[in-house]
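So the chains spell out like this:
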Amino acid sequence: MSGARPHVVVLGSSFAGLTTARFIRARCGDAVDLTVIDRNPYLIFVPNIPMEVFADHDPLVSMHLDTVRFHDRDGNDFINAAVTGIDPDAKRVAFTPTDRAGSAPESISYEYLVVALGNQLAYDRIEGFGEFGDTVSSGYYGNKLRRKLFGGSYKGGPIAIGSARFHQGLEHKPDWMPVAQAACEGPPLELALSMAHWLGEHSMGDAHKITLFTPGNTIAEDAGEEVVKEFLDLAKGMGFGYMPGIEDVSRLTADGIEFANGKSMEAELKIVLPDWVPHPFLRDLPITDEYGFVITGTDMRNRDHPEVFAVGDAAALTVPKLGSLGHQQAEIVARQIAVDIGSLDQADLGEPYRPEVICFGEMGGHKGFYIHSDTWYGGETSVLKMGYTPWAMKMAFKEMYFHTGGKPVSWGMPATEFTMDRLHVP
Ligand SMILES: Cc1cc2nc3c(=O)[nH]c(=O)nc-3n(C[C@H](O)[C@H](O)[C@H](O)COP(=O)(O)OP(=O)(O)OC[C@H]3O[C@@H](n4cnc5c(N)ncnc54)[C@H](O)[C@@H]3O)c2cc1C
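Residues numbered from 1 in each chain as written. Predicted model: local features only at pLDDT ≥ 70, side-chain atom pairs only at ≥ 80, totals over all residues.

Participant: What should I look at first to understand the domain arrangement of the protein chain in this one?
Facilitator: When the parts of a complex come together, some accessible area is lost, and that lost area is often used as the size of the interface. Segmenting the protein chain into domains produces domain 1 (7–119 + 278–348) and domain 2 (122–275). Just the C-alpha atoms count here: the centres of domain 1 and domain 2 sit 29 Å apart. The partner domain 2 presents 24 residues to the 23 residues of domain 1 that form the contact. Of all elements in the fold, only helix 2 (49–54) and helix 3 (59–62) reach the threshold of two or more residues within the side of domain 1 that touches domain 2. When residues of the side of domain 1 that touches domain 2 are assigned to their parent elements, the largest contribution, five residues, is made by helix 2. Taken together, the residues of the side of domain 1 that touches domain 2 break down into 17 nonpolar, no polar and six charged. (Domains from an automatic or database assignment. Contact = placed C-beta atoms within 7 Å. Helix = DSSP H or I, 4+ residues; strand = E, 2+ residues; numbered from the N terminus. Nonpolar A, V, L, I, M, F, W, Y, C, P; charged D, E, K, R; others polar.)

Participant: What am I meant to see in the environment of Met 300 here?
Facilitator: Examined against the element boundaries, Met 300 turns out to sit in the loop between strand 18 (276–277) and strand 19 (308–310). C-alpha of Met 300 to C-alpha of Val 114: the two residues are 186 residues apart in sequence and 9.4 Å apart in space. Met 300 has contacts with Phe 309, Ala 310, Val 311, Ala 315, Gln 329, Ile 332, Val 333, Gln 336 and Tyr 353, leaving out every residue within four places of it along the chain.

Participant: I would appreciate a short explanation of the sheet that holds strand 12 (residues 210–213) in the present structure.
Facilitator: Sheet strands pair via backbone hydrogen bonds, and the direction of the pair is either parallel or antiparallel. The strand order across the open sheet formed by five strands is 10-17-11-12-13, and the pairing between neighbours is parallel. Among the strands making up the open sheet, the edge pair consists of strand 10 (133–134) and strand 13 (241–243). Taken together, the four bridges between strand 11 (residues 159–163) and strand 12 define a ladder with parallel strand orientation. Bridge pairing links Ala 160 to Thr 211 in strand 12. The sheet contacts of helix 7 (residues 186–201) involve strand 11, strand 12 and strand 17 (269–273), and relative to strand 11 the element is tilted by about 160 degrees. (Pairing = 2+ DSSP bridges. Axes fitted to C-alpha atoms, helices over the stretch in contact; angles between N-to-C directions.)

Participant: Got a minute to help me understand the site of the ligand in this structure?
Facilitator: Residues in close proximity to the ligand total 34 residues, the closest being Ser 14, Pro 47, Gly 118, Gly 312 and Gly 323. Those elements giving two or more residues to the shell around the ligand turn out to be helix 1 (15–28), strand 2 (33–38), strand 5 (77–87), helix 7, helix 9 (323–340) and strand 20 (357–364). Across the shell around the ligand, the residue classes tally to 17 nonpolar, 13 polar and four charged. Here the shell around the ligand gathers at least three residues from each of two domains, domain 1 (7–119 + 278–348) and domain 2 (122–275). (Near = placed C-beta within 6 Å.)

Structure, rendered in structure tokens:
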């Protein structure tokens, strides 16, 4: 490092971190030194794990993207390490290399810091999950469910699919942002639809075997009332069971699932999306809220430490926890830093963060759904499309992401929204 150029350190190299690092390099060129730290030298493309499970593909084989080569190509230093602490006053990050056990702790200084470390998915807070639970948020869990479905151990009993309660930070929460009861309810919707299709394909029944549960008053409330109503009408017509207001998941047993509101249900498969919880070392920092989510304004900067940014699930403003929100924030952070260091005109700073729920989900049988809505945040956009095209777009986005290394062409996202919102979907 030259020492003369500002040092930007990006923590995390998954959807939020990889994309932010690549946008910063694109906006700032050689005017910054850029270091990226992640415990893993790869990204796992989580949104498409459900598709891989139902297609009997191993997601550890098909969904891993080696990220280091893209950083190398961009001239970024990559440190394969676990971040263990941030000292915002000293502007230093503590880390321990993870490529070899027994490595000694070190620290690194920064002029700009981007926190893109995601959250912990807290299955360890659900009693009985290890023994009786299933999910699709990692290669390991995806394979566990895949082997039950395709290895014959699932016998065709009832299936429960839903979310545990999400604990959103309320400290410094802006008025325009509602409080979510579940962190991310696109996955339960797509899992339920894909599972119904899978049951039919394997002559094991249909949607009548599946019950969707949610801690909220209604499932996927962040998608907006109109979209949810349309979805629920479809789901009821197909025969899905529906249990809103379960408050939280209390316990999984061999025979079923127990909820915090006192209700329970019998289930052979218990597929759960858990609470999204910040990494423990982020709690009690001057830049985080009461749970450890990083507090920022709509410029994605922390107010007390404006050299600290947050992107993706780690940011308090990312609600629900959706990768597409992190993508929008990555563009904002890159422009903010570029203006600060004089690589971009102030006039090109761009718009502040204005969340929109954009979600592509699978429905089985080469069909998918597309949701584009901001009514939950007070906006007026509300689009739900179902058919072959959303499925094809979901596949295409993954291919483009792998091909470009997390830097889909800048018009990719707006063009996708524009096309999908106006398209008559087959
Ligand atoms: C089943 C499922 C389906 C989903 N489908 C969609 C979808 O269709 N569309 C959508 O927009 N979103 C979807 N999401 C949400 C999406 O996956 C997340 O919003 C997204 O992954 C967040 O990206 P991130 O980079 O902020 O965090 P993460 O993806 O969690 O990445 C965090 C990174 O930080 C690294 N890290 C963590 N802790 C440390 C540490 N201490 N030191 C060093 N490195 C560390 C990790 O290795 C990782 O690389 C889905 C989520 C799930 C679970």
